[in-house]
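Chain residues, written in single-letter form:
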Amino acid sequence: MKRKRNLKLILALALLVQLAACGGEPEVVTPAPTLTSTPTPATDGKGLDFMLPCYPAGGFHPITGSNRLNLTLAPLLYRGLFSLDSGFTPQNDLCESYTVSEDGLTWTFTLKEAAFSDGTALTAAEVIASLNKARQSDRYSSRLADLTKVGVGEGGAVTVTLSRPNGALPSLLDVPVVKESGDPLRPLGTGPYFLSESEETGELVLTAREGEQVPLTQIPLRSVSTGDDLVYAFDAREISLVDVDLNSTNALGYSGRMETTDYPTTTLLYLGFNMKNGLCRENSLRRALSLAFDRETMVERIFAGHGEAAALPIHPNSSLYDAGVATQALWNEEEAVRLLENAGWRLEEDGIRENRRSRLALKLIVNQENTAKAALADALAESLQRLGCDVTVDKLPWEDFSAALNRGSFDLYLGETVLTADFDLEDLLRTRGALNYGGCADGELDARMDAYRAAAGEERQAAASTLWEQVTQVAPMVPLVFKNGSLLTQWGQVRGMAPTQRDVFFGLEGWQIVE
């Protein structure tokens, strides 16, 4: 996690093309900061009330809702069976313990004793109803597609039946558990706070529940209705915290002195190869080209450090990231040249490589509507050109880009996807996968993805490493960077933050807030 004391770099970086929802949430326009020549004077947070933004008209349902501001507040109001830490490892929340059947298809979750904000006890019925609602929702349906049945087990436990084994199921079950109330937009939760109206002002307020270890007993909410309203409220120091994607599209501009705290996400940017047609059908060429990219420099230069370079299609924070396998895929121009020479690609007088049949000319397509992605495509092309490739970057409108992907009218494409927390690659790399635009069809890779999905406990580490090895050898794509999310806070007001992708208030009990 990175903390920067001054935002001196302005980011209106746009990554519009979400090539998949692949377990991710719908994108919402998110403001990003811009530099001001007349920053607001610092007060070290003293004298400021801690206040959070919300959009009341959007409702607060954490499963069916779609407003990003309100979804950011959800972990304060609701808990799930599990929560995910910064390494995407599930931590027991409402789940006390669990068991798994020998075939890996039936999971039984024993619940902790907990109560909703109205004082009623948590039961299996609310967990079952919440999971079933999530299975039908836009936000969660993709990741829960393998759930075939959710029911009541012995002693009030919750049983989940799968259509196929998934040893990492708990990482997908951070779904908020709710108790529906008279207001369909404000269900009850078991979180540390509950939502109500202030008796004094009539404004919405979060009030801490008795016994919860939280830094504030009340958090007033500032209602906003537009992006400009949100920016004004933060710039005027009326709100204390906003969750932003500094690499987003349609960024608005904050100004003033502020602090930013980054957190890791599962949003992956990668370079895909056309394995069905053209020069990139050759494995030797793909493996050589995959060694051309200095990811660390690209992250710093293009994303101003708001990302994590990755040579494998899993976040480096994960315990399943195998640094030894990653070494085989790191930037190594000398090895790339050796592989090209061994494959018969000779450097000609004009600086472009040729073999007996072809000139090493490649077309890289990218969405032109995204500034950062277009800049990254140019950087990738420059790296390949240093190896002797004649690379044309074709920057296309979204409609044309999407059509080109589906037709296979490319040698290379710059893609982005939101992976699930179990880092399932099936849509990207399985034969006929929904996002397998390059036409990868490798039976051994399919088998290793199956083994990785099914493996649990100590076996999962070994299954992951063998999967990453096969991905590196087949080279259907080149992982580049996982984007970071960011919290912007007023200067000096908050300390001790440890945000995660699903919960920016993760570890709230350790926060220090200056008022």
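See the structure shown above.
Residues numbered from 1 in each chain as written. Predicted model: local features only at pLDDT ≥ 70, side-chain atom pairs only at ≥ 80, totals over all residues. Heavy atoms only, no water.

## Things to note about the overall build of the chain
Thought 1: Looking only at helices and strands, one finds twelve helices and 24 strands in the chain.
Thought 2: Each of the 515 residues in the chain was classed as buried or not, and the buried ones make up 56%.
Thought 3: Contacts in the chain between residues at least 24 apart in sequence constitute 71% of all its contacts with a sequence separation of at least 6.
Thought 4: Accessible surface, the chain: about 21000 Å² in total, of which carbon and sulfur atoms supply 47%. (Helix = DSSP H or I, 4+ residues; strand = E, 2+ residues; numbered from the N terminus. Buried < 20%, exposed > 50% of the residue type's maximum accessible area, 1.4 Å probe, protein only. Contact = heavy atoms within 4.5 Å. Areas by Shrake-Rupley, 256 points an atom, 1.4 Å probe, with all protein chains shown as cover.)

## Quick word on the packing of aromatic side chains
Thought 1: Under the criterion given, the structure shown has 13 aromatic pairs.
Thought 2: Taking the centre distance of 5.8 Å and the plane angle of 75° together, the rings of Phe82 and Tyr98 count as edge-to-face. Placement of the pair is Phe82 in strand S4 (residues 82-84) and Tyr98 in strand S6 (residues 95-100), with a sequence separation of 16 residues.
Thought 3: Relative accessible area serves as the criterion here: at 2%, Phe82 is assigned to the buried category.
Thought 4: Plain terms: the ring middles of Phe410 and Tyr413 are 5.2 Å apart, the flat faces sit at 75° to each other, and that makes the pair edge-to-face. (Phe/Tyr/Trp six-rings, centres within 6.5 Å; stacked < 30°, edge-to-face > 60°.)

## Examining the sheet that holds strand S8 (residues 147-152)
Thought 1: Pairing within the open sheet is antiparallel, and its four strands lie in the order S6-S7-S9-S8. Every interior strand has two partners, whereas the edge strands, S6 and S8, have only one. Each strand axis lies, on average, 20° off the axis of its neighbour in the sheet, ignoring direction.
Thought 2: Note that S6 and strand S7 (residues 106-111) share five bridges and pair antiparallel. Bridge pairing in S7 places Ser97 opposite Thr110. (Pairing = 2+ DSSP bridges. Axes fitted to C-alpha atoms, helices over the stretch in contact; angles between N-to-C directions.)

## Concerning unusual backbone geometry
Thought 1: Positive phi, normally seen in glycine, also occurs at Arg237, with a value near 65°.
Thought 2: Even without glycine at this site, Ala304 takes up a positive phi of about 50°.
Thought 3: Inspection of the secondary structure assignment puts Ala304 in the loop between helix H5 (295-303) and strand S16 (307-309).
Thought 4: Looking at Ala304, the relative accessible area reads 8%, which means it is buried.

## Focus on helix H3 (residues 227-235)
Thought 1: Burial in H3 covers these residues: Asp229, Leu230, Val231, Ala233 and Phe234.
Thought 2: Looking at the residues trailing H3, positive phi occurs at Arg237, about 65°.

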